[in-house]
Structures are given as structure tokens and as C-alpha cells.
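# Coordinate analysis (summary)
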Amino acid sequence: MDVLNFRTLEQSDVKSLQRLFMESLSDLIRRERFEDADLLDEEVARLNTTIQDHFEDDHVQLYVVEQEGVLVGAGALLPPNEIISGHLEIKRDAIELGSVYVLPRMQRKGVGQFLLEEMKREILAREHHVFYLDAGFPSAQAYWQKQLGEPSLILEHYWGQGASHMIWEVNIK
């Protein structure tokens with residue numbers, strides 16, 4: 001694999017990151033066979049808000065993985081979302097590791113693993129030892145179970161009959 005570069009999102013990356021999110025989400029929704037026509041637009045809008053927050057809010061930090069000048073992955077460190085904070089007793093100054101996406105053609109090539117390890121280093125550099133992560137898409141849940149073990153909480157039927165939501169509280173001391 002060619003060299004991967006992990007760094008903070010820059011203003012000049014925004015269009016590329018939006019394309020990465022759109023391509024990754026479109027592929028994910030197609031593979032998961034979701035019927036909700038608004039899901040893609042809602043997720044893209046949420047991610048665009050995260051991009052904007054990255055430049056305006058010190059509590060939101062977006063990172064990208066670049067390979068040969070192309071953004072191939074992204075992830076954010078931010079305050080825990082409402083699903084996490086509404087269902088778990090979260091630690092003060094808690095961090096969520098969220099908005100993790102890898103280009104479909106780069107999946108299963110170590111980019112996600114590289115991103116996770118670099119994000120953990122960032123969390124430790126901030127002198128935190130716990131992060132939260134949640135997932136609603138079944139393929140994302142399977143990936144995170146493989147990477148992080150069993151979730152701390154499973155919200156059964158959260159998205160409808162048979163569609164659960166999983167939340168992890170991960171200690172990285």
C-alpha cells in the first residue's frame with residue numbers, strides 16, 4: 001500500500017471531502033438496500049454541518065487520510081451526539097469518534113484501521129482515555145464489532161423492526 005498521510009482538514013479539502021462523503025454514503029446506502037429516499041440527503045447535510053463546525057467550533061476536529069494527493073478517508077472528534085448522550089452516562093469532556101468514512105475502492109485495504117489508530121493517538125494527545133462511537137448501519141456495526149469488540153449498548157429496533165443502533169464506550173489507556 002502506498003503511504004497514507006493523516007492530517008487535519010484544511011479549507012482546500014472541503015470539496016474533495018464532500019465527494020468522499022457522497023461516494024461513501026451512496027455506496028453504503030446501496031449495499032444496505034435502504035429504501036429511505038431522504039437518508040442520503042440527511043446524512044450529507046449532517047456531515048456538511050460537521051465540516052462547517054470544524055472551522056468554527058474548537059470542540060469539533062475533522063481529520064483526513066490522504067494517499068497520493070487523494071482523500072481516501074475521514075473521521076471526526078467531537079462532543080457525543082444526542083443518541084450517545086441520551087442513552088449512556090457519558091464522562092465529562094467526553095469525545096465521540098464519528099463521521100468515519102473510507103472511499104469504497106479503498107475499503108478493506110487498511111485505511112480504516114490506519115484512521116482508527118491515528119484517531120486514538122489524537123484522543124490520547126488530548127489527555128483523554130475514553131471515546132464513544134455509535135453505528136446504525138449494519139455493515140458499520142459489523143466493522144466496529146470486529147475493531148472494538150461488543151458494543152456497550154445495543155438499542156434494539158431503534159430504526160424500526162430489526163434495525164438496532166449500537167454504541168461503544170472505549171477505554172484506550
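A few points on the structure. (Residues numbered from 1 in each chain as written. Predicted model: local features only at pLDDT ≥ 70, side-chain atom pairs only at ≥ 80, totals over all residues. Heavy atoms only, no water.)

### Considerations on the overall build of the protein chain
What counts is decided by this rule: Helix and strand labels come from DSSP, where a helix needs a run of H or I of at least four residues and a strand needs a run of E of at least two; each type is numbered from the N terminus. The atom set for the radius of gyration is the C-alpha atoms, and the globule formula is 2.2 Å times the number of residues raised to the power 0.38. Partly exposed describes any residue whose relative accessible area lies between the buried limit of under 20% and the exposed limit of over 50%, with all areas from a 1.4 Å probe on protein chains only and scaled to the type maximum. Note on contacts: a residue pair is in contact if any heavy atoms of the two residues lie within 4.5 Å. Methods summary: accessible areas were calculated by the Shrake-Rupley approach with a probe of 1.4 Å, and residue burial reflects only the protein chains presented.
Along the backbone of the protein chain there are 5 helices and 7 strands. The N-to-C order of helical and strand elements in the protein chain reads β-α-α-β-β-α-β-α-β-α-β-β. For 173 residues, the compact-globule estimate of 2.2 N^0.38 gives 16 Å, and the protein chain sits close to it at 15 Å. Each of the three principal axes of the protein chain carries a C-alpha extent, and together these read 40 × 40 × 30 Å. Considering the protein chain as a whole, with its 173 residues, one finds that 47% of them fall into the buried category. For the protein chain, the share of sequence-separated contacts (at least 6 apart) that also reach a separation of at least 24 residues comes to 66%. Split by element, the accessible area of the protein chain, about 9,600 Å² in all, is 47% carbon and sulfur.

### A few points about the packing of aromatic side chains
For clarity, the cut-off: The pairing test for Phe, Tyr and Trp rings, Trp by its six-membered ring, is centres within 6.5 Å, and the orientation test on the planes gives stacked under 30 degrees, edge-to-face over 60, and tilted for anything in between.
Tallied over the entire structure, the rule returns 4 aromatic pairs. Seen in terms of ring centroids, F6 and Y63 are 5.0 Å apart; in terms of plane orientation they differ by 15 degrees. Their pairing is stacked. Of the two residues, F6 is situated in strand β1 (residues 5–8) and Y63 in strand β2 (residues 61–67); the sequence distance between them amounts to 57 residues. Assessed through its relative accessible area of 14%, F6 is described here as buried. Judged by relative accessible area, Y63 falls into the buried class, the value being 3%. Look at F21 and Y101: their rings are 5.5 Å apart centre to centre, the planes differ by 75 degrees, and that puts the pair in the edge-to-face class. Of this pair, F21 sits in helix α1 (residues 14–32) while Y101 sits in strand β4 (residues 96–102), and the two are 80 residues apart along the sequence. Like F21, the residue Y101 is buried in the burial classification.

### What about the pattern of salt bridges?
To keep things clear, this is the line we draw: When a carboxyl oxygen of Asp or Glu is within 4 Å of a side-chain nitrogen of Lys or Arg, the pair counts as a salt bridge.
Under the counting rule described, the total for this entry stands at 11 salt bridges. Close ionic contact of E10 with R7 constitutes a salt bridge, the shortest N to O distance being 3.8 Å. Relative accessible area serves as the criterion here: at 16%, R7 is assigned to the buried category. Measuring nitrogen to oxygen at the nearest pair gives 3.2 Å for the salt bridge that ties E118 to R121. On the criterion of helical spacing, the pair formed by E118 and R121 is a turn pair, its members being 3 residues apart in helix α4 (residues 111–125). Among the charged side chains, a network of salt bridges with common partners joins R7, E10, D13 and E66.

### Considerations on the pairing of strand β3 (residues 70–78)
For the record, the criterion: Any two strands with at least two DSSP bridges between them are considered paired.
Counted residue by residue, β3 has 8 buried out of 9 residues, so it is predominantly covered. As judged from the 7 bridges shared by β2 and β3, these two strands associate in the antiparallel manner. Following the sheet pairing, Q67 is matched in β3 by V70. As paired elements, β3 and β4 share 5 bridges and run antiparallel to each other. Bridging from a neighbouring strand, A74 pairs with Y101 of β4.

### Regarding the nonpolar core
We apply this condition: Throughout, nonpolar core names a set of buried Ala, Val, Leu, Ile, Met, Phe, Trp, Tyr and Cys residues whose side chains join them through atoms within 4.5 Å.
Core analysis: the largest hydrophobic core is formed by 42 residues, its most contacted members being L17, F21, L97, F131, L148 and W168. With 6 residues, the single largest contributor to this core is β3. One finds I83, I84, V130 and Y132 within the second-largest nonpolar core, a separate group that totals 8 residues.

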